[in-house]
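Notes for the structure review
Single-letter residue listing:
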Amino acid sequence: MDELHHECGIAAIYHLKSGGISPLVPRGKQPQDADADDLQLRARASRLIPGMLLDMQNRGQLAAGMTSFNPARLQLIQTHKDVGGVAEVFRMNHEEHYRRRMEELAGPAAIGHVRYATCGRDDPSYAQPFERHHIARSKWFSFAFNGQLSNYPELRDEILQTTDFHLTRETDTEVLHHLISQELSENSEIQPRELLQRLSERLDGSWNIVFLNARGQMFVSRDPLGIRPLCFAHEGSLFAAASESVALTHLGFAESSIRNVPPGGAIVVDGDSVQQVQFAESPAKSHCFFEWIYFANAGSHFDDAGVYLSRKRLGEQLAARETIEIDDDVIVVPVPDTAKAAADSMAFSLKVPSLEGLIRNRYIGRTFIEGNNRADKVRMKYTPLPEIMDGKRVLLVDDSIVRATTLKELLLLLRRRGKASEIHVRIACPPIIAPCFYGIDMSTVSELFAPGFMEGTVITEEEQQRMAREIGADSLRYLPVDALADCVGLPESSLCQACVTGVYPTPSGTRLYQKAIDQASGPNCNSASAENGRRIYG
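Everything numeric in this text was worked out from a predicted model, so none of it was measured.

1. Some points on the sheet that holds strand β20 (residues 393-398)
The parallel open sheet is built from 4 strands, whose spatial order is β17-β20-β21-β22. The sheet is open, and its two borders are formed by β17 (330-334) and β22 (475-478), each paired with just one other strand. This sheet shows a mean twist of 20° between the axes of neighbouring strands, independent of strand direction. Against the sheet, helix α15 (residues 461-471) engages β21 (422-427) and β22, with an angle of about 125° to β22.

2. Considering the side chain of arginine 99
Considering the arrangement of structural elements, one finds arginine 99 in helix α4 (residues 95-104). Take arginine 99: its relative accessible area is 17%, and that puts it in the buried class. There is a polar contact of 2.6 Å between the side chain of arginine 99 and the side chain of glutamate 103.

3. Observations regarding the sheet that holds strand β13 (residues 274-278)
In space, the 6 strands of this open sheet follow the order β5-β6-β7-β8-β12-β13, with antiparallel pairing throughout. If you trace the sheet from one side to the other, it starts and ends with β5 (130-132) and β13, each paired once. Sheet twist, expressed as the mean angle between neighbouring strand axes with direction ignored, is 20°. Pairing of strand β8 (residues 218-221) with strand β12 (residues 265-269) involves 4 bridges; the strand directions are antiparallel. For serine 221, the partnering residue across the bridge sits in β12 and is alanine 266. Across the sheet, helix α6 (residues 172-186) is in contact with β5, β6 (141-149) and β7 (205-213); its angle to β6 comes to roughly 130°.

4. Some points on the confidence of the model for the protein
Looking at the protein, the pLDDT average stands at 90 and 91% of residues meet or exceed 70. Contacts for the low-pLDDT stretch residues 366-370, under 50 throughout, to residues beyond four places or in other chains number 8 contacts. Scored below 50 in pLDDT, residues 525-538 makes 33 contacts in the model with residues more than four places away or belonging to other chains.

5. Observations regarding empty space enclosed by the protein
Considering all chains together, one arrives at 1 cavity of 30 Å³ or more under this definition. Here the largest cavity is characterised by a volume of approximately 70 Å³. Taken together, Ile227, Arg228, Cys288, Phe289, Phe290, Cys436, Tyr438, Ile440, Cys496, Gln497, Ala498 and Cys499 make up the lining of the largest cavity. Among the residues forming the lining of the largest cavity, the class breakdown is 10 nonpolar, 1 polar and 1 charged.

6. Topic: the nonpolar core
Soluble globular proteins tend to pack their nonpolar side chains together in the buried interior. Ranked by internal contacts, the top residues of the largest apolar core, which has 119 residues, are Ile13, Met52, Phe90, Phe290, Leu396 and Val425. Once residues within four sequence positions are removed from consideration, phenylalanine 90 is found in contact with Pro50, Leu53, Ala64, Gly65, Met66, His80, Tyr98, Arg101, Met102 and Leu105. Residues Phe143, Leu149, Tyr152 and Leu203 belong to the second largest nonpolar core, which totals 28 residues.

7. A short note on the pattern of salt bridges
Counted by the stated rule, this structure contains 23 salt bridges. The partner of glutamate 447 in a salt bridge is arginine 403, and the shortest N-O contact between them spans 3.1 Å. Here glutamate 447 is found in the loop between β21 and α15, whereas its partner arginine 403 is found in the loop between β20 and α14 (405-416), with 44 residues between them in sequence. Glutamate 447 gets classed as partly exposed once you look at its relative accessible area, which sits at 24%.

8. Structural notes on the state of the cysteines
Inspection of every chain in the model, using the stated rule, returns 0 disulfides. Counting only cysteine sulfurs, cysteine 429 is the nearest neighbor of cysteine 487, a cysteine outside any disulfide, at a range of 11 Å. Residue classification places cysteine 487 among the buried residues on the basis of a relative accessible area of 1%. Not engaged in a disulfide, the cysteine cysteine 499 finds its nearest cysteine sulfur in cysteine 429; these two sulfurs lie 6.2 Å apart. Given a relative accessible area of 7%, cysteine 499 falls into the buried group.

9. A look at the packing of aromatic side chains
A complete count under the given rule lists 15 aromatic pairs for this structure. Here phenylalanine 449 and phenylalanine 453 contribute two aromatic rings whose centre-to-centre distance is 4.9 Å and whose plane-to-plane angle is 50°, an arrangement assigned as tilted. One aromatic cluster is present, formed by Phe130, Phe141, Phe143, Phe211 and Phe219 through successive ring pairs. Above the plane of the ring of tyrosine 152 lies arginine 156, whose end atom (NZ or CZ) is 5.3 Å from the centre. Positioned over the ring face of phenylalanine 130 is arginine 169, at 4.8 Å from the centre of the ring.

How each quantity is defined
- Residues numbered from 1 in each chain as written.
- Predicted model: local features only at pLDDT ≥ 70, side-chain atom pairs only at ≥ 80, totals over all residues.
- Heavy atoms only, no water.
- Pairing = 2+ DSSP bridges.
- Helix = DSSP H or I, 4+ residues; strand = E, 2+ residues; numbered from the N terminus.
- Axes fitted to C-alpha atoms, helices over the stretch in contact; angles between N-to-C directions.
- Contact = heavy atoms within 4.5 Å.
- Buried < 20%, exposed > 50% of the residue type's maximum accessible area, 1.4 Å probe, protein only.
- Polar contact = N/O pair within 3.5 Å; in protein donor to acceptor, adjacent residues only side chain to side chain.
- pLDDT = per-residue confidence, 0-100.
- 1 Å grid on protein atoms, 1.4 Å probe; cavity = no way out; pocket = protein on both sides within 12 Å on 5 of 7 lines; lining within 4 Å.
- Points joined across faces, edges and corners; volume = space filled by probe spheres on them.
- Nonpolar A, V, L, I, M, F, W, Y, C, P; charged D, E, K, R; others polar.
- Core = buried A, V, L, I, M, F, W, Y, C linked by side-chain atoms within 4.5 Å.
- Salt bridge = Lys/Arg side-chain N within 4 Å of Asp/Glu carboxyl O.
- Disulfide = S-S within 2.5 Å.
- Phe/Tyr/Trp six-rings, centres within 6.5 Å; stacked < 30°, edge-to-face > 60°.
- Lys NZ or Arg CZ within 6 Å of the ring centre and 35° of its normal.

Set out below in structure tokens:
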């Protein structure tokens with residue numbers, strides 16, 4: 001509801017020299033395409049990247065970009081990136097512009113990225129991939145990054161303490177760029193396994209990487225905790241990897257071919273082979289549970305758990321805990337769009353209708369909206385349907401509450417224009433009581449809604465009722481923490497639940513959390529949650 005945003009999504013494609021031309025590579029519609037030779041057809045593999053990024057647009061709408069490698073081109077590595085959605089950046093709605101761009105970026109290997117900033121400004125220079133030009137092909141590379149380095153401040157300060165080094169952007173991606181460049185400067189022949197091994201000794205947080213150099217060498221890697229998802233597929237002469245499995249199925253890969261990059265593992269690809277290597281041990285997993293609840297495409301399946309089925313089980317758990325009397329005037333209404341699966345499942349279990357009483361304007365996206373305040377923007381973004389809700393007792397299902405500012409305005413809208421007689425808010429997630437330092441844009445305690453009402457880490461009925469009065473609902477109910485693992489379908493020990501428990505899987509995350517607590521409780525903090533921050537976290 002509060003428009004949580006994820007750090008990024010990454011993609012990679014490689015058409016190997018060996019084997020025939022993959023049937024998944026687009027053949028093209030121009031007359032000259034019919035006469036294309038094998039090299040030209042392999043070079044069309046890069047055209048698959050924009051479509052893969054579109055399948056992951058849910059992971060970031062701020063910027064997009066791609067880098068391709070083509071040994072038949074003077075510019076061996078070529079990058080195009082900009083601020084905007086994927087269709088805007090690649091001019092996909094203008095066939096001639098898009099075709100020219102794809103011809104410029106033609107190559108048998110390519111990597112891509114979609115971005116939402118949790119670190120750094122809304123600026124074209126922050127768009128990824130990041131490319132490093134060099135006269136030596138082994139040191140000329142491009143890479144893209146999904147995640148967030150929780151020890152970024154320490155790494156940045158360490159770099160800047162060397163008087164000859166300088167950083168031009170306030171982003172952990174540039175720090176990672178510097179660290180990779182440093183390793184290559186010391187040993188230009190360093191192998192991906194050793195490079196990643198050395199990086200893993202210095203990095204804390206979530207860090208999935210796709211890398212491509214001017215020799216045509218590629219790797220895709222996943223951090224040792226596996227915080228963010230990363231899938232890959234290899235059929236015949238075509239290899240692909242993406243943050244969402246749905247991006248691979250849409251290319252045409254068989255479900256049986258799609259696998260997870262193991263935590264602490266990497267897939268290394270060149271023009272001739274695909275190899276899996278392990279660069280770091282992974283004694284424990286910390287998959288972000290929010291991937292299944294909110295971020296991931298509902299059609300994706302990764303780490304042995306399907307996104308849609310996880311959301312379906314969330315709704316079943318909500319239904320099992322429902323306390324209001326169910327009769328003919330009760331309906332379930334989802335907050336579009338990620339809460340729909342949970343809402344439908346809840347309604348089915350309760351044997352009541354699940355109706356789209358709230359319509360979202362899906363064409364606004366990240367466009368600037370004129371308006372005097374948040375209420376104006378909510379009215380432009382959502383349209384309540386009184387013909388659905390008039391006189392009804394509404395079970396309004398949402399995936400989470402972070403700040404509650406948008407939710408308050410939405411509930412007012414549902415009462416005034418939707419004419420609902422009662423609104424009972426049901427959240428398919430536990431209360432968010434702690435910030436995320438691994439790639440979700442919530443980094444302070446004081447901005448969170450729940451800590452200002454909770455005396456402990458487990459919410460009570462009285463606290464939920466106080467929250468309901470604050471947001472203007474007749475009642476409010478969260479899903480408990482102990483229901484998450486069963487809903488996702490993974491052991492609790494393999495999930496990162498830091499934002500709902502305050503227990504972080506890495507040392508830097510724990511340190512940043514304590515710092516966030518101190519800031520929320522400090523003398524300059526006038527937040528309503530400061531006093532409760534001391535009780536919960538101190």
